[in-house]
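# Descriptive structure summary
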Amino acid sequence: MQGLANPARFMRLSKVVQPWLALASVLLIGVGLYFALFGSPADYQQGQTVRIMYVHVPSAWLGMVGYTTMALASAVGLIWKHPLADLVAKAAAPIGASFTFLCLATGSLWGKPMWGTWWAWDARLTSMLILLFLYLGYMALQSAFDDPGRGARAAAILALAGFINVPIIKFSVDWWKTLHQPASLMKMSGPTLPPSMLTPLLLMVAGFTCFFVVVLLLRVRAEIIASKIRAIRLTQIHGSHESPLADRLAG
Amino acid sequence: MDSIATFFEMGGYARFVWPAYGLVGLVTVGLLVTSLRTLRVRERALAALQEEMPGRRGRSRDL
């Protein structure tokens, strides 16, 4: 982890890892899609709508992984004041927000035929909607300051305070037994899905996770370059590089 | 051909299943494309800035 904290080393390493992760993502999602659409049975209760699960569950997973990444990076940024941590948190936010949106949208498309409604104020659905709002609040706050450092700090505090929502989402189906079905994958007693459904689901979750990391690395690289550009512009304005942060980022 | 039509019908739930997959495809591909495009634009901007300041060019070789 210490080695990764150096932006130049991070850039080099991410360039090596990225193509392999991209390849893994394409293969896993490709095979996963085949099983999700052709090679798996319809559910005895839910019929063909169960196929929505294979995109809904990975989206929900990444919505929460994205927030956890953002909160962890925010904590590192706040405590150790490392500039790369702030950039990781900033890069993770739009990706996590996109998947949270997809989770809600695909869930809605699944809920209409199965529950008879597009939306219900069920605990799981409501906490997931709050997650989306936390992402949007984070992104708005972080870009509301002229000084990116101050924006990152303010947004990091929001990210950490909002992290309480992640376990609430996870356990909402056990604490409030309302509409959404309970966990069938991440259970202490092991998954309850039959292998014919578990295989495509795990393939899709793995493939989507690789995709998440690929996009995260792309966005962190873009953020590092933006910081370098800012650092160079600062030195142009001031004539010499007095800022230790600028020096660290430009190096 | 009949089986293909059956497949696309999704047991009568086509109007829920396909939009779900379509939306996920659209958003993920959009995310990838915009992220790649932002990276390219910034890489070019940085290269242009470094052209202007020849003294520092060597420092960002590993970009």
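Residues numbered from 1 in each chain as written. Chains lettered and ligands numbered in written order. Predicted model: local features only at pLDDT ≥ 70, side-chain atom pairs only at ≥ 80, totals over all residues. Heavy atoms only, no water.

So, about the overall build of chain A. Secondary structure summary: chain A contains eight helices and zero strands in total. Over its C-alpha atoms, taken along the principal directions, chain A stretches across nearly 70 × 35 × 30 Å. Across the 251 residues in chain A, those meeting the buried criterion constitute 51%. A fraction of 73% describes how many contacts in chain A between residues 6 or more apart in sequence connect residues 24 or more apart. Summed over its atoms, the accessible surface of chain A is roughly 11,900 Å², and 70% of this surface lies on carbon and sulfur atoms. (Helix = DSSP H or I, 4+ residues; strand = E, 2+ residues; numbered from the N terminus. Buried < 20%, exposed > 50% of the residue type's maximum accessible area, 1.4 Å probe, protein only. Contact = heavy atoms within 4.5 Å. Areas by Shrake-Rupley, 256 points an atom, 1.4 Å probe, with all protein chains shown as cover.)

This part takes up the side chain of Gln18 of chain A. Residue and element names in this part refer to chain A. In this fold, Gln18 is placed in helix H1 (residues 7-37). Since its relative accessible area comes to 9%, Gln18 is described here as buried. A polar side-chain atom of Gln18 sits 2.4 Å from a polar atom in the side chain of Arg221. Excluding anything up to four places from it in sequence, Gln18 contacts Val214, Leu217, Leu218 and Arg221. (Polar contact = N/O pair within 3.5 Å; in protein donor to acceptor, adjacent residues only side chain to side chain.)

Another point: the interface of chain B and chain A. Taken together, the contact pairs 35 residues of chain B with 49 residues of chain A. Counting the surface lost from both chain B and chain A, the interface buries some 3,600 Å², and carbon and sulfur atoms represent 75% of this. Arg42 of chain B is the partner of Glu223 of chain A in a salt bridge, and the nearest nitrogen-oxygen pair spans 3.7 Å. Our count for the chain B to chain A interface comes out at three residue pairs in polar contact (both at pLDDT 80 or more). The biggest single contributor to the side of chain B that touches chain A is helix H2 (residues 14-52) of chain B, with 25 residues. Considering only residue class, the side of chain B that touches chain A consists of 21 nonpolar, seven polar and seven charged. (Buried area = accessible area lost by both parts, 1.4 Å probe. Salt bridge = Lys/Arg side-chain N within 4 Å of Asp/Glu carboxyl O. Nonpolar A, V, L, I, M, F, W, Y, C, P; charged D, E, K, R; others polar.)

The subject of this paragraph is the packing of aromatic side chains. We describe a pair of aromatic rings using the distance from one ring centre to the other and the angle between the two ring planes. According to the stated counting rule, one finds 14 aromatic pairs over all chains in the structure shown. Each ring, one from Phe38 of chain A and one from Phe7 of chain B, has its centre 4.6 Å from the other, and the planes form 15°; the classification is stacked. With one member in each of two chains, Phe38 of chain A in the loop between H1 and helix H2 (53-80) and Phe7 of chain B in helix H1 (residues 2-9) form a pair that bridges those chains. By relative accessible area, Phe7 of chain B is classed as buried at 18%. The structure contains a cluster of three or more aromatic residues connected by ring pairs, namely Tyr34, Phe35 and Phe38 of chain A together with Phe7, Phe8, Trp18 and Tyr21 of chain B. The ring of Phe171 of chain A is capped by Lys170 of chain A, whose NZ or CZ atom sits 5.7 Å from the centre of that ring. (Phe/Tyr/Trp six-rings, centres within 6.5 Å; stacked < 30°, edge-to-face > 60°. Lys NZ or Arg CZ within 6 Å of the ring centre and 35° of its normal.)

This part is about the UniProt feature "transmembrane region" (unreviewed entry) in chain A. All names here are of chain A. In the numbering used here, UniProt assigns the "transmembrane region" (unreviewed entry) feature to residues 20-40, 60-80, 92-111, 123-141, 153-173 and 193-218. Its end C-alpha atoms 33 Å apart, residues 153-173 is made of 90% helix and 0% strand. For residues 193-218, helix accounts for 92% and strand for 0%, while the C-alpha atoms at its two ends are 34 Å apart. (UniProt positions renumbered as here; feature names shortened; annotations may be inferred.)

What follows covers H2 of chain B. The end-to-end C-alpha separation of H2 of chain B is 57 Å, in line with the 57 Å expected for 39 residues at 1.5 Å each. Elements in contact with the buried residues of H2 of chain B: H1, H2, helix H3 (83-115) and helix H7 (195-238) of chain A. (Expected span 1.5 Å × (residues − 1).)

To continue, consider the pattern of salt bridges. On inspection of all chains with the given rule, the structure shows four salt bridges over all chains. A salt bridge links Glu43 of chain B to Arg221 of chain A; the shortest N-O distance between them is 3.7 Å. Of this pair, Glu43 of chain B sits in helix H2 while Arg221 of chain A is found in helix H7, placing the two residues in two different chains. Judged by its relative accessible area of 26%, Glu43 of chain B falls in the partly exposed class. Note that Glu43 of chain B and Arg40 of chain B form a salt bridge whose closest N and O atoms lie 3.1 Å from each other. Highlighted residues: Glu43 of chain B and Arg40 of chain B, both in helix H2, separated by three residues, approximately one helical turn. Overall, Arg40 of chain B belongs to the partly exposed group, its relative accessible area being 38%.

The phi dihedral of Lys81 of chain A falls on the positive side, at around 55°, and the residue is not glycine. Within the fold, Lys81 of chain A resides in the loop between H2 and H3.

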